[in-house]
Amino acid sequence: VVTTPKQDRDGDILRTEGAIVDQSMPALWHHMLPMPVGKMLKVLKHNSKILKVSTAIIDSPLGQDTGSLIEFGALRISHGFLPYKYEPIDRKSNGDGPMPGYDIKSFEILEVSFVTVPSNVDAVITAPTREQLLTATHALDRALWHGHYMVPQWYIAYHRVIYASGNVYEGR
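Residues numbered from 1 in each chain as written. Predicted model: local features only at pLDDT ≥ 70, side-chain atom pairs only at ≥ 80, totals over all residues. Heavy atoms only, no water.

A. Quick peek at the environment of Ile 125. With respect to the element layout, Ile 125 can be found in the loop between β7 (102-115) and α2 (130-145). When its relative accessible area of 26% is taken as the criterion, Ile 125 is described as partly exposed. For the pair Ile 125 and Arg 76, spaced 49 residues apart in sequence, the C-alpha to C-alpha distance is 5.8 Å. Discounting residues that sit within four places of it in the chain, Ile 125 has contacts with Ile 70, Leu 75, Arg 76, Ile 77 and Phe 114. (Helix = DSSP H or I, 4+ residues; strand = E, 2+ residues; numbered from the N terminus. Buried < 20%, exposed > 50% of the residue type's maximum accessible area, 1.4 Å probe, protein only. Contact = heavy atoms within 4.5 Å.)

B. Structural detail: the packing of aromatic side chains. The tally for this structure, following the rule as stated, stands at two aromatic pairs. Taking the centre distance of 5.6 Å and the plane angle of 70° together, the rings of Phe 81 and Phe 107 count as edge-to-face. You can see Phe 81 sitting in strand β6 (residues 76-88) and its partner Phe 107 sitting in strand β7, a full 26 residues away along the chain. Owing to a relative accessible area of 0%, Phe 107 belongs among the buried residues under this scheme. (Phe/Tyr/Trp six-rings, centres within 6.5 Å; stacked < 30°, edge-to-face > 60°.)

C. Summary view of the side chain of Thr 4. By the element assignment, Thr 4 lies in the segment before β1 (13-14). Residue Thr 4 is classed as buried on the basis of its relative accessible area of 9%. In terms of polar contacts, Thr 4 uses its side chain to reach the side chain of Asp 122, at 2.8 Å. The residues contacting Thr 4, other than those within four sequence positions of it, are Leu 14, Thr 16, Lys 49, Ile 50, Asn 120 and Asp 122. (Polar contact = N/O pair within 3.5 Å; in protein donor to acceptor, adjacent residues only side chain to side chain.)

D. Region of the structure containing the environment of Lys 39. Within the element layout of this structure, Lys 39 appears in strand β4 (residues 32-46). Lys 39 gets classed as partly exposed once you look at its relative accessible area, which sits at 49%. Separated by 74 residues in the primary sequence, Lys 39 and Ser 113 place their C-alpha atoms 9.7 Å from one another.

Here you go:
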């Protein structure tokens, strides 16, 4: 989860429906531009309540450290953005919330970062655990090893049927 419209620790409200996502944005280590650890793969969910993306981490020493810290639960997600449309939040309407910030209606997300303390408390990493990944990998390995799989051929205009006798019938 990259962001939600909940008021963040900086006092800002980012309206997720106004987020413009850079489709080739990098994933950084603590917002440090010379320290990329991966990239965004795709937007999973984008509506007025949430912006959720899928990222990949590179196989490098820093990437491995990042992955280990994510697995351990020590890192969260944050993002760097460029605001386009915004209004100051009135101190009186802010109540007991954090310092008054901006109601940001439109903004471009330039990068996602793995950080220890994000501004948005709803920004979390929902990655599968190593155990879940190993289980899925072992299941795939067993299926491939024993030949129990089917590769669909959606590009052909007919069906192939193989009978126990070994004869092949191709029907349209």
